[in-house]
Amino acid sequence: MRNKSATLLLATLSFAVCVAGQEKPQDRRKFLDPATPVSDDPRRIPVKPGPSGPDRFLVLRGGRVFDGTGAPAREGTLVIERNKISKVLPVSSTDWPKNAEIVDVTGKTVLPGLIDLHTHLTYPLSETDTAKAVSESDATLRAVEKLRYYLESGITSVRDVGSQGDVTFRLKEWVRENRVAGPRVFPAGVFITAEGGHSTENTPDELIKMQGATRLASGPDDWRLAVREQFHKGADVIKLGSHFSSKEIKAAVQEAHELGLKVTVDSETFYIQHAVEAGADTIEHPLPRSEETSQLMAKKGVAADPTLIPYQIIFEEWGGYFGSTSRRFTFSNNANLQMLRRLKSTGIKCGVGTDLILHWYRYLPGPYIRELKNFVAAGWSVPEALVAGTKTNSEILDMDDRLGTLEPGKLADVIVVDGRPDLNLDDLTKVEMVIRDGYTVVESGHVTVPRHKVVPMKTAEKKP
Ligand SMILES: [Zn+2]
């Protein structure tokens, strides 16, 4: 029989293990040795071994390399082999194979592809056009159009945190197979919330159902089921929105974590506290929260995706944020900037997302640049803001082993900017070249689509 203190110790230990198990996504990587090839997404599904990306060496010669690690830009040459970064060479070196394709980028800056943590690719362009909003065909085409805007802005990955039906899951695959031009898509699927929660304001249930971008859930079991539905369709992340009960969000977060997915939550005031207590990985938006909640975020390593820019657009274009039951607090540009400053000073990891609903993607690259400037206004340096949009965003995505920096072995998501964005963020308006997964997808600032490869017919032509 165990003595009393040993029993107590064991009980404490198993409690600690149990709590830790619920806190973070289950790290499924510990069951996969590095030699096992897996999908380039947070799901990490074993895939057939074999080369990926175009069969070539691509050399970006003689530019300023801003590698996203936090090191200052330096003169150098980037060598890409197929879909991976192979070397970062000193500018004097020519250590690449003879048959490599060489692009002279002298005077330009080479940096990791930018990441946007908050998109809604299928959302409609105007608030009134319900007929088109409910059409899944139109939703798909809206998303396809938006992808081009992100890509030409140097954004090589988007985390889509709420879209209609299966659209983002399918687009993720089509982009990966180079059948549609776009950034990598990391989809959440639909937005999960309760009756009357955020994204349902002023909309009848029937229309919410028809629009298909929000899943209403009720009770812990249904929240769990809603998470499983997104996982089943292919989600890389789970998006939840207040309101919810503590039990509901706990069930949803635990389910997502056991499936190996991170959870991001759109919430405000005490709902942020509930979400953080439940083990959420990221909190969206700069919405009010108590000092206690901020401290708990820092303590538990919960990241923030502050998204000041959509509210700047709302305040400037609409004169205020009106009529929403999920935004019942004093809300202003100044309060949001103060919140971003507080997140930074509390030591909370902050990523970059733009949440461009309606037609606002047409403002790109402006909103992304302005969000980086918001970071600078809140105390980041310009290079630190760029690191937030690349390296930090890759960490928040759970993709930092593959994306976010220019280091050998990482996936070749690379942009070339005609300027020095690490000194002047406005130079990000001059994205000249974009490489995603080793493929050149933007040249001279335009999306480039290679001519299709003809597949030979199997039957020979018969002479009459
Ligand atoms: Zn949003």
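Scroll up to find the structure this text is about.
Residues numbered from 1 in each chain as written. Predicted model: local features only at pLDDT ≥ 70, side-chain atom pairs only at ≥ 80, totals over all residues. Heavy atoms only, no water.

Examining the overall build of the protein chain
The number of helices and strands found in the protein chain is 13 helices and 18 strands. The C-alpha atoms of the protein chain give a radius of gyration of 23 Å, which matches the 23 Å a tight globule of 464 residues would have. The C-alpha extent of the protein chain, read off along each of the three principal axes, is 75 × 65 × 60 Å. Counting over 464 residues, the protein chain shows a buried share of 52%. Of the contacts made within the protein chain by residues no fewer than 6 positions apart, 69% connect residues no fewer than 24 positions apart. Split by element, the accessible area of the protein chain, about 21200 Å² in all, is 55% carbon and sulfur. Charged side chains of the protein chain number 60 positive and 61 negative; the gap between the two group centres comes to 4 Å. (Helix = DSSP H or I, 4+ residues; strand = E, 2+ residues; numbered from the N terminus. Rg over C-alpha atoms; globule rule 2.2 N^0.38 Å. Buried < 20%, exposed > 50% of the residue type's maximum accessible area, 1.4 Å probe, protein only. Contact = heavy atoms within 4.5 Å. Areas by Shrake-Rupley, 256 points an atom, 1.4 Å probe, with all protein chains shown as cover. Lys, Arg positive; Asp, Glu negative; His and termini not counted. Charge placed at Lys NZ, Arg CZ, Asp CG, Glu CD.)

Observations regarding the environment of Thr346
Locating Thr346 in the fold gives a position in helix 11 (residues 333–346). Owing to a relative accessible area of 16%, Thr346 belongs among the buried residues under this scheme. In sequence terms Thr346 and Glu291 are 55 residues apart; their C-alpha atoms lie 9.3 Å from each other. Apart from residues lying up to four places away in sequence, Thr346 is in contact with Ser294, Gln295 and Ala298. Here Arg342 takes part through its backbone oxygen, which lies 2.5 Å from a polar atom of the side chain of Thr346. (Polar contact = N/O pair within 3.5 Å; in protein donor to acceptor, adjacent residues only side chain to side chain.)

Re the environment of Val59
Topologically, Val59 is positioned in strand 1 (residues 57–65). Aside from chain neighbours lying at most four places away, what touches Val59 is Thr77, Leu78, Val79, Trp96, Ala100, Glu101, Ile102 and Val103.

A word on the coordination of the zinc ion
The zinc ion binds to the protein through His118 (NE2), His120 (NE2) and Asp355 (OD), with metal-donor distances spanning 2.1 to 2.6 Å. The sequence pattern describing where the donors of the zinc ion fall on their chain is H-x1-H-x234-D. One end of the pair, His120, is in the loop between strand 6 (114–119) and helix 2 (130–133); the other, Asp355, is in the loop between helix 11 and helix 12 (366–377), with 235 residues separating them in the sequence. On the basis of relative accessible area, Asp355 is assigned to the buried category, the value being 9%. (Donors = N, O, S within 2.8 Å, 3.2 Å for Na, K, Ca; no water.)

Concerning the side chain of Asn336
Note on placement: Asn336 falls in helix 11. In this structure, Asn336 is in contact with Pro286, Leu308, Tyr311, Phe315 and Phe331, ignoring residues within four places of it in sequence.

Examining the nonpolar core
Generally speaking, soluble globular proteins have nonpolar side chains that are buried together. Grouped together as the largest cluster of nonpolar side chains are 86 residues, with contacts concentrated most on Ile238, Leu240, Val265 and Ile283. Other than its neighbours up to four places away in sequence, Ile238 contacts Ile192, Val227, Gln230, Ala256, Leu261, Lys262, Val263 and Thr264. In terms of nonpolar packing, the next biggest core, distinct from the first, is built from 14 residues, Leu58, Leu60, Val414 and Ile435 among them. (Core = buried A, V, L, I, M, F, W, Y, C linked by side-chain atoms within 4.5 Å.)

A few points about the sheet that holds strand 8 (residues 184–187)
Spatial strand order, 6-7-8: three strands in an open sheet with parallel pairing. Only two strands of the sheet have a single partner each, and these edge strands are strand 6 and strand 8. Adjacent strand axes in the sheet meet at a mean angle of 20°, parallel and antiparallel pairs treated alike. (Pairing = 2+ DSSP bridges. Axes fitted to C-alpha atoms, helices over the stretch in contact; angles between N-to-C directions.)

Remarks on the environment of Val105
Positionally, Val105 belongs in the loop between strand 4 (101–104) and strand 5 (109–112). Linking Val105 and Val416, residues 311 residues apart in sequence, is a C-alpha distance of 7.7 Å. In this structure, Val105 is in contact with Leu60, Arg61, Gly62, Gly63, Val110 and Val416, ignoring residues within four places of it in sequence.

Overview of the packing of helix 8 (residues 269–278) against helix 9 (residues 291–300)
Running from N to C, helix 8 and helix 9 cross one another at 20°; their axes reach a closest spacing of 10 Å. Considering the angle they form, helix 8 stands roughly parallel to helix 9. By crossing handedness, the relation of helix 8 to helix 9 is classed as left-handed. In contact with Ile272, Gln273, Val276 and Glu277 of helix 8, helix 9 contributes Glu292, Thr293, Leu296, Met297 and Lys300. Looking at the contact of helix 8 with helix 9 residue by residue, the classes come out as four nonpolar, two polar and three charged. (Parallel < 35°, antiparallel > 145°, perpendicular 65-115°, else oblique. Left-handed = near helix turned anticlockwise from the far one by under 90°. Nonpolar A, V, L, I, M, F, W, Y, C, P; charged D, E, K, R; others polar.)

Some points on the pattern of salt bridges
Any two side chains of opposite charge can pair, on the condition that their charged atoms come close. Inspection of every chain in the model, using the stated rule, returns 34 salt bridges. Ionic pairing is found between Asp222 and Arg215, a salt bridge with its closest N-O pair at 3.0 Å. Looking at Arg215, the relative accessible area reads 17%, which means it is buried. Where Glu291 meets Arg342, a salt bridge forms, and the shortest distance between an N and an O atom there is 3.1 Å. (Salt bridge = Lys/Arg side-chain N within 4 Å of Asp/Glu carboxyl O.)

Quick look at unusual backbone geometry
The residue after Ser242, namely His243, is reached through a cis peptide bond having omega 15°. Its place among the elements puts His243 in the loop between strand 11 (237–241) and helix 7 (246–258). Each neighbour pair has its own omega, and for Leu364 with Pro365 the value is 10°, a cis peptide bond. By secondary structure assignment, the location of Pro365 is in the loop between helix 11 and helix 12. Look at Thr269: it is not a glycine, yet its phi comes out positive at around 45°. Examined against the element boundaries, Thr269 turns out to sit in helix 8.

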